[in-house]
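The primary structure of each chain is shown beneath.
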Amino acid sequence: MSAQRGDISQLDPDRSYRGASDGAGLPAHAAPTYYDQPLLKKPHWGWEVVAYLFLGGVMGGTGILVALVDEDGEDAQLARSARYLAFALAAACPAILVGHLGRPRRFLHMLRVVKFKSVMSMGVWGLVAFSMPAATGVAVQAVDDGLLPPWVRPLPALVPARPLLGVLGAFIAGYTGVLISATAIPVWAIGKRFIPAFCVCSGVAGACAANAAVLALTGGGKRTFAKLERLELVASLSELALLLGFRRHAGELGKPMYEGPRGDKLRSWTMGAGIVVPAIINLVPLHARWKTLLASALTLAGGYVLRETLIEAAKASADDPKAAARQPE
Amino acid sequence: MANGFFTDTTLCIGCKACEVACKQWNQLPADGYEFTGNSYDNTVALGGTTWRHVAFIEQAAPLDRPPTENKWLMMSDVCKHCTYAGCLEACPTGAIVRNEFDDVYIQPDVCNGCGYCVPSCPFGVVDLIAHADYTEGRKFESDGRSHDDATQTAGGVAGKCTLCYDRQKVGFTPACAKACPTESIQFGDVDELRARAKRRVAQLEARGVHSYLYGVGEDWSVGDLNAFFLLTDRPGAYNLPERPVLPSTHQPAGYTSAALAAAALALAGFAIFRRA
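Residues numbered from 1 in each chain as written. Chains lettered and ligands numbered in written order. Predicted model: local features only at pLDDT ≥ 70, side-chain atom pairs only at ≥ 80, totals over all residues. Heavy atoms only, no water.

Caption draft 1: Seen up close, the overall build of chain A. Along its length, chain A carries 14 helices and zero strands. Listing the helices and strands of chain A from first to last along the sequence gives α-α-α-α-α-α-α-α-α-α-α-α-α-α. Buried positions account for 57% of the 329 residues belonging to chain A. Within chain A, residue pairs in contact and separated by at least 24 positions form 74% of the contacts whose partners lie at least 6 positions apart. Accessible surface, chain A as shown: approximately 13,300 Å² in total, 64% of it carbon and sulfur. (Helix = DSSP H or I, 4+ residues; strand = E, 2+ residues; numbered from the N terminus. Buried < 20%, exposed > 50% of the residue type's maximum accessible area, 1.4 Å probe, protein only. Contact = heavy atoms within 4.5 Å. Areas by Shrake-Rupley, 256 points an atom, 1.4 Å probe, with all protein chains shown as cover.)

Here's what the structure looks like:
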């Protein structure tokens, strides 16, 4: 009797009880999962969070551009428009987050603590910090453009807006990737070395595209467009390489992102229309407003679809109990 | 002092008194009448308003196997109140705290419903409470309270087991443990419970039943569990992760990855914009 009872599972406790979520070593009739019910809860995030991840990337990239571009040289028009764009996005992003949370006061709940362990807390403070130099930078620009009275100028000039926008912009473009990687969702956790990097790349590429589009409408030098296109090419090709590398790295766990209709959408919109097609368009030696606008729109659409794919893939990943039972370390 | 649960699954008879007692004490809405066909489990999973869940593992062995291989296991699942809790670390408002009983508690009036704790729990415990969970067939729909009060009690925030913080405050045993007729759920000082659980494993082993403790003396990143379990099958059979991973352990690699990409692109941008 005793021996028979001991045979119930016929499993070595150290090896199989703790390491056989895929069913290896189980008796044939033992179910590998609990009725295939999800082990994890999926994120409830919808289009607001997708839009924030996307616009936050463009905003962060624009901050980097403000820091890089010489405000007195041939790219002066870019320096000017980038400041306005950074400020506009810094105003829009909290509004989107408030929309996601439901009421403004709920956003303020995040400002009662500073938590280094919480990537979201760090991100909120990064966003608040970014909005300061974004506001002072645009105030200086507005004085120069005659939109604000000259006496405003000395106050914001105290803040070193450009280096701050660069550093905080890089943080904002990247932290969203860290935020989703630092979860239990298998497809996100396995991507901790890839997702933050391609979020930064997509953000910088999106910022180049958005600023080129603004310049195409407001007027900018030919050489400025060429520089933006070159940086966009570097960023978006890095993004493509990282996306392909992540697919190899993630293997089975990457399926929710790279296979089925979601994978098709990622390939056609982000990799194809969002990276390869704008690169080809930008190679055409033609300087025309519609060309810039078309390439920019495609790049930005690709960036949005990338964020949407990340969020939606997580929901499918959380529903897979086999992936969730063996969590990536 | 750390208080917790020891859930001995070999004593569970699947009566679901714990589920009912929890719902009643905490005034949680019913889960509806959905028939799953998954043995006797129509509760399915823990959730924002379901803080105890009795799992039923019912598997018939093939005829050529000894009948003792038939499985008829029950296990009352609950929030694990981890030593290093993913939900607590992720919370950007400080709504999720560790209380004086060493348990993980969500302050509903501070929670802003951002939902970051939900994918941050490696056990899939915490969830957002939808307003509809309360308003459909519940008294909160039009009770005349302010919008603020309504959000705190009727959804839009994260919910999970409080380990009956309110009952502990006045020296009561949590509702589920109090209602459990077989003492499958035991409440008390965690050190005491662990010692008792180890004795139970030895006792079962002597009777020829192989069992082990899930969440005691573990080397995994979430640390030991204040609500731990005695199991007789793989963790996966009960829908528990083989080896839960604390999400914040991914942060160093994540931040490094972002910083490297940003530095590389900043260099490229510098070369492109400042070369002349």
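Next, the rest of the story.
Caption draft 2: Highlighting the packing of helix α9 (residues 195–218) of chain A against helix α10 (residues 222–250) of chain A. Residue and element names in this part refer to chain A. In contact at an axis separation of 8 Å, α9 and α10 are set at 155 degrees when each is read in the N-to-C sense. In terms of their interaxial angle, α9 and α10 are classed as roughly antiparallel. Pair α9 / α10 crosses with left-handed handedness. Considered class by class, the residues forming the contact of α9 with α10 number 18 nonpolar, five polar and two charged. (Axes fitted to C-alpha atoms, helices over the stretch in contact; angles between N-to-C directions. Parallel < 35°, antiparallel > 145°, perpendicular 65-115°, else oblique. Left-handed = near helix turned anticlockwise from the far one by under 90°. Nonpolar A, V, L, I, M, F, W, Y, C, P; charged D, E, K, R; others polar.)

Caption draft 3: The arrangement of the interface of chain B and chain A in detail. Between chain B and chain A, the contact holds 95 residues from the first and 89 residues from the second. For the pair chain B and chain A, the summed buried surface comes to about 7,400 Å²; carbon and sulfur atoms form 56% of the total. It is Y116(B), R234(B) and F273(B) that lose the most area in chain B upon contact with chain A, and together they represent 11% of the buried surface on that side. Along the contact surface separating chain B from chain A lie two salt bridges. Here R243(B) ties to E329(A) by a salt bridge, and the two come within 2.8 Å at their closest N and O atoms. (Buried area = accessible area lost by both parts, 1.4 Å probe. Salt bridge = Lys/Arg side-chain N within 4 Å of Asp/Glu carboxyl O.)

Caption draft 4: View of the sheet that holds strand β10 (residues 227–231) of chain B. All names here are of chain B. The four strands are arranged β8-β1-β10-β9 in an open sheet whose pairing can be described as mixed. Across the chains shown, the open sheet's two edge strands, defined by having one partner strand only, are β8 (185–189) and β9 (212–214). Across this sheet, the average inter-strand angle for adjacent strands is 25 degrees, counted without regard to direction. The sheet contacts of helix α8 (residues 190–206) involve β1 (3–8), β8, β9 and β10, and relative to β8 the element is tilted by about 135 degrees. (Pairing = 2+ DSSP bridges.)

Caption draft 5: Quick look at the state of the cysteines. Applying the stated criterion across every chain yields a total of zero disulfides over all chains. As a non-bridged cysteine, C87(B) has C121(B) as the owner of its nearest cysteine sulfur, 6.2 Å distant. (Disulfide = S-S within 2.5 Å.)

Caption draft 6: Geometry of the packing of aromatic side chains. Across all of its chains, the model carries 17 aromatic pairs over all chains by this definition. With 4.7 Å between their ring centres and 75 degrees between their planes, Y34(A) and Y35(A) make a pair best called edge-to-face. Ring pairing ties together the aromatic residues F194(A), F198(A), F246(A) and Y258(A), which thus form one cluster. Directly above the ring of F5(B) sits R52(B), whose terminal nitrogen or CZ lies 4.6 Å from the centroid. The ring centre of W25(B) lies 4.6 Å from the NZ or CZ of R167(B), which sits over that ring. (Phe/Tyr/Trp six-rings, centres within 6.5 Å; stacked < 30°, edge-to-face > 60°. Lys NZ or Arg CZ within 6 Å of the ring centre and 35° of its normal.)

Caption draft 7: Broad picture of the layout of surface pockets. In this structure, the largest pocket encloses a volume near 820 Å³. Around the largest pocket, the lining is made up of 39 residues, and of these K41(A), T43(B), A45(B), L46(B) and G47(B) lie nearest the centre. Those elements that provide at least two residues to the lining of the largest pocket are β2 (52–59) and β6 (127–128) of chain B. Taken together, the residues of the lining of the largest pocket sort by class into 17 nonpolar, 13 polar and nine charged. (1 Å grid on protein atoms, 1.4 Å probe; cavity = no way out; pocket = protein on both sides within 12 Å on 5 of 7 lines; lining within 4 Å. Points joined across faces, edges and corners; volume = space filled by probe spheres on them.)

Caption draft 8: Looking closely at helix α9 (residues 251–274) of chain B. The end-to-end C-alpha separation of α9(B) is 33 Å, in line with the 34 Å expected for 24 residues at 1.5 Å each. Taken together, the buried residues of α9(B) touch α3 (47–68), α4 (76–101), α6 (119–144), α7 (161–181), α9 and α10 of chain A. (Expected span 1.5 Å × (residues − 1).)

Caption draft 9: Quick peek at the confidence of the model for chain A. All names here are of chain A. For chain A, the average pLDDT comes to 90, and 90% of its residues sit at 70 or higher. Across chain A, the element-wise mean pLDDT spans from 36 in helix α1 (residues 2–6) up to 98 in helix α8 (residues 186–189). Taken as a whole, residues 1–24 scores under 50 in pLDDT and shows 51 contacts with residues more than four places along the chain or in a different chain. (pLDDT = per-residue confidence, 0-100.)

Caption draft 10: Spatial organisation of the environment of L228(A). Among the structural elements, L228(A) can be located in helix α10. Separated by 153 residues in the primary sequence, L228(A) and D75(A) place their C-alpha atoms 10 Å from one another. Every residue in contact with L228(A), bar those within four places of it in the chain, is listed here: L65(A), L78(A), C208(A), N211(A), A212(A), L215(A) and F273(B).

Caption draft 11: Representation of the nonpolar core within the structure. By size, the foremost hydrophobic cluster in this structure holds 99 residues, and its most contacted members are W45(A), F130(A), W188(A), F198(A), F246(A), M257(A) and Y116(B). At 14 residues, the largest contribution of residues to this core is made by α9(A). Counting 68 residues, the second-largest nonpolar core is a separate cluster that includes V54(B), A95(B), V126(B) and F228(B). (Core = buried A, V, L, I, M, F, W, Y, C linked by side-chain atoms within 4.5 Å.)

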